[in-house]
Amino acid sequence: MSKPIITVIVPVYKAMATLDRCVESVLSQQIAGGLACILVDDGSPDDSGKLCDTWAARDARVTAIHQEDMGVSVARNSGLAAADSEFIVFLDSDDALRPGALQAALDVQNDAPQSFVFWHYTNDAQDTAPVTADAETRPQNALARLWLDCLLAMPWNKLYRTELAQQLQFDSQYTLGEDLQFVLDYIALLGTKQPDFTYTVMTAPLTFYDCSRGGTLSTKYHADYCKIWPEHFAKLNKASHAASCPQNDMRPLHRAELTVFAEGVADILRRDPAKNPRVRRDKAIAALRSPWMQALLERMRLEQCYCAYYLPCRWHSVRLIYRLAEAKRTGSSLYGKLDWAGYYLLRGKMRRD
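Calculation notes
- Residues numbered from 1 in each chain as written.
- Predicted model: local features only at pLDDT ≥ 70, side-chain atom pairs only at ≥ 80, totals over all residues.
- Heavy atoms only, no water.
- Helix = DSSP H or I, 4+ residues; strand = E, 2+ residues; numbered from the N terminus.
- Rg over C-alpha atoms; globule rule 2.2 N^0.38 Å.
- Buried < 20%, exposed > 50% of the residue type's maximum accessible area, 1.4 Å probe, protein only.
- Contact = heavy atoms within 4.5 Å.
- Lys, Arg positive; Asp, Glu negative; His and termini not counted.
- Charge placed at Lys NZ, Arg CZ, Asp CG, Glu CD.
- Pairing = 2+ DSSP bridges.
- Right-handed = clockwise from strand over helix to strand, strands pointing away.
- Axes fitted to C-alpha atoms, helices over the stretch in contact; angles between N-to-C directions.
- Left-handed = near helix turned anticlockwise from the far one by under 90°.
- Nonpolar A, V, L, I, M, F, W, Y, C, P; charged D, E, K, R; others polar.
- Salt bridge = Lys/Arg side-chain N within 4 Å of Asp/Glu carboxyl O.
- Core = buried A, V, L, I, M, F, W, Y, C linked by side-chain atoms within 4.5 Å.
- Polar contact = N/O pair within 3.5 Å; in protein donor to acceptor, adjacent residues only side chain to side chain.
- Expected span 1.5 Å × (residues − 1).
- Arc of directions from axis to C-beta.

### Description of the overall build of the protein chain
Consideration 1: If you tally the helices and strands in the protein chain, you get 14 helices and nine strands.
Consideration 2: In summary, the protein chain has a C-alpha radius of gyration of 22 Å against a globular reference of 20 Å for 353 residues, a match within 12%.
Consideration 3: Each principal axis of the C-alpha atoms in the protein chain carries an extent, and together these give about 70 × 50 × 35 Å.
Consideration 4: With 353 residues in all, the protein chain has 53% of them scored as buried.
Consideration 5: A separation threshold of at least 6 residues defines the contact pool for the protein chain, and within that pool the share at least 24 residues apart is 81%.
Consideration 6: For the protein chain, the separation between the mean place of its 40 positive charges and that of its 42 negative charges on side chains is 12 Å.

Dropping the structure here:
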C-alpha cells in the first residue's frame, strides 16, 4: 500500500461496545490520497485486543499494536511512532468520525496551508448537520479564546502534521488534562517552524464525541486534581501571554480557571476517600492556600475580574465553595443567587481597595 495522506490513531481499552462503530467511521471515509488506521490495544482486559486483530486481518489499512496497560498517553505515543503519513488525526475508541469529515478537513488545510486546522464536534450520534469545508480564520492571539470555546484542550479535533507531531509525546505522568499539554507543545513547535501560522476553525462538527464515557470530573475522583490543573493552566497562561492574547479573553480565561479549580476543591469534600470529614476539609483548605491559587486571586483582583467562587476561595470557605458547586451541579437557583450576591460584595470590596 502506498503512503497514505492521513493516519487515524485510536487508543483502545475496554472498547468492545464501541470499537466497531469507531473503526467503521474511519474506514468509510473517502479521501484523496488514502488513509491508515492504527489501533493501539492498551492491555485491554476484555477482547478488545482480539477485535483490533480482527480489523487488521479484514482491512489492510488497519494496523493493530498491542502493549501492556500503560495508559492513553503511552498508547497515543505508540501510534505516533508507527504513523507514516503526511497528517495525523487522533480519535478515541468510543467516538466516531462523521461521514466526509477527513476530506473536508483536508480541503480546508489545502485552502489554507499555513494554518492549524480545528473543528467542532457533536454529542449527538444522529446529528444531521452537513459536513462542509466552511471555516473561519483566527489569529495566533485567539489562543485563549480557543480554550474558552472548548476547542483547544482535546487532541481529537485537529489535523496535525506528522513530521511535527512525531517530535513530541503525550506526557504519561499526567492522569488528567494531558491532552492540553500536547496541543500547547504542538502549537509552540509549529510557531518555531512556521511563525506566521493561523488557526482555521471549521464550523461543521466532524467528530461525534460520546460524553457518556467515564473519567471526567463528574464521574471519577482524581486525588491530584488540584495539583495537575494549576500546572496545565500555568502553561496555558504562558502560551496565551506569548501570543499577546487580548485582555478581553484573558479575564474570562482566569474566571474559568478559578471555576475549574474551585470545583476540584468541592470534589475533595464530596468524594475524597478519607473517612474523617475533617481530613477532607484540611485537604481542601490546603489546596486553596497554594501559591498558584493566591496568585490567581490577586491577578483577578487587579483585573477586576469576577467569578462566583472568588470570594469563597479568598475566604477559604470550603463550605460555601461546596454549596456553590452543588448548586451548579444540580441546576439549583441558589448558584445564580450566590453569584449575584458575591458580585456586589466583590465590587464593593474592590472600590474600598
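### Some thoughts on the pairing of strand β1 (residues 6-12)
Consideration 1: Summarising burial for β1: seven of the seven residues are buried, a large majority.
Consideration 2: Side-chain alternation along β1 places I6, V8, V10 and V12 on one buried face and T7, I9 and P11 on a second face that is also buried.
Consideration 3: Both β1 and strand β2 (residues 35-42) contribute to a ladder of seven bridges, which runs parallel. By the bridge assignment, I6 is partnered in β2 with L35.
Consideration 4: Crossover β1 to β2 through helix α1 (residues 19-27) is right-handed.

### Looking at the packing of helix α3 (residues 72-82) against helix α7 (residues 178-193)
Consideration 1: Relative to each other, α3 and α7 sit at 35°, their axes nearing to 10 Å. Seen along the crossing, α3 lies across α7 with a hand that is right-handed. Between α3, through V72, S73, R76 and L80, and α7, the contact on the second element is made entirely by E178, D179 and F182.
Consideration 2: Grouping the amino acids of the contact of α3 with α7 by side-chain chemistry returns three nonpolar, one polar and three charged.

### With respect to the pattern of salt bridges
Consideration 1: Taken as a whole, this structure holds 21 salt bridges when the rule is applied.
Consideration 2: Among the ionic pairs, D47 bridges to K50, the shortest N-O distance being 3.9 Å.
Consideration 3: In this structure, the salt-bridge partner of D267 is R270, at a minimum N-O distance of 2.6 Å. With a gap of three residues between them, D267 and R270 both fall in helix α9 (residues 247-271), about one helical turn apart.
Consideration 4: Of the residues examined, R270 reaches a relative accessible area of 26% and is grouped as partly exposed.
Consideration 5: A single network of salt bridges, built from pairs that share partners, joins E136, R138, R145, D149 and D249.

### Examining the nonpolar core
Consideration 1: Core analysis: the biggest nonpolar cluster contains 77 residues, and L152 and L258 have the highest contact counts within it.
Consideration 2: With eleven residues, the top contributor of residues to this core is α9.
Consideration 3: In contact with L258, other than residues within four places in its own chain, are M293, L296, L297, M300, C307, Y309, Y310 and C313.
Consideration 4: Core analysis: the second largest hydrophobic core is formed by 35 residues, V12, C52, V62 and L106 among them.

### Details of the side chain of K158
Consideration 1: Locating K158 in the fold gives a position in strand β8 (residues 158-161).
Consideration 2: Of note is the side chain of K158, whose polar atom sits 2.9 Å from the backbone oxygen of L151.
Consideration 3: Of the polar contacts made by the side chain of K158, one reaches the backbone oxygen of M154; its length is 2.4 Å.

### Here's the deal with helix α10 (residues 277-288)
Consideration 1: End to end, α10 covers 17 Å across twelve residues, agreeing with the expected 16 Å (1.5 Å per residue, within 8%).
Consideration 2: Listed in full, the buried residues belonging to α10 are R280, A284, I285, A287 and L288. Looking straight down α10, one finds that the buried residues subtend no more than 155° of arc, so they occupy a single side.
Consideration 3: Packing partners of the buried residues in α10 comprise α8 (225-242), α9, α11 (291-303), α12 (310-314) and α13 (318-330).
Consideration 4: Capping the start of α10, N276 holds a side-chain oxygen 2.8 Å from the backbone nitrogen of R278, two or three residues further along.

### Thoughts on unusual backbone geometry
Consideration 1: Of note in this structure, K14 is not a glycine but carries a positive phi near 50°.
Consideration 2: You can see K14 is positioned in the loop between β1 and α1.
Consideration 3: Among the residues examined, K14 registers a relative accessible area of 54% and is labelled exposed.

### Thoughts on the environment of I268
Consideration 1: By secondary structure assignment, the location of I268 is in helix α9.
Consideration 2: When neighbours within four sequence positions are excluded, I268 is seen to be in contact with Y221, C226, R280, K283 and A284.

From the geometry alone we can't say anything about function, so treat these as descriptive.
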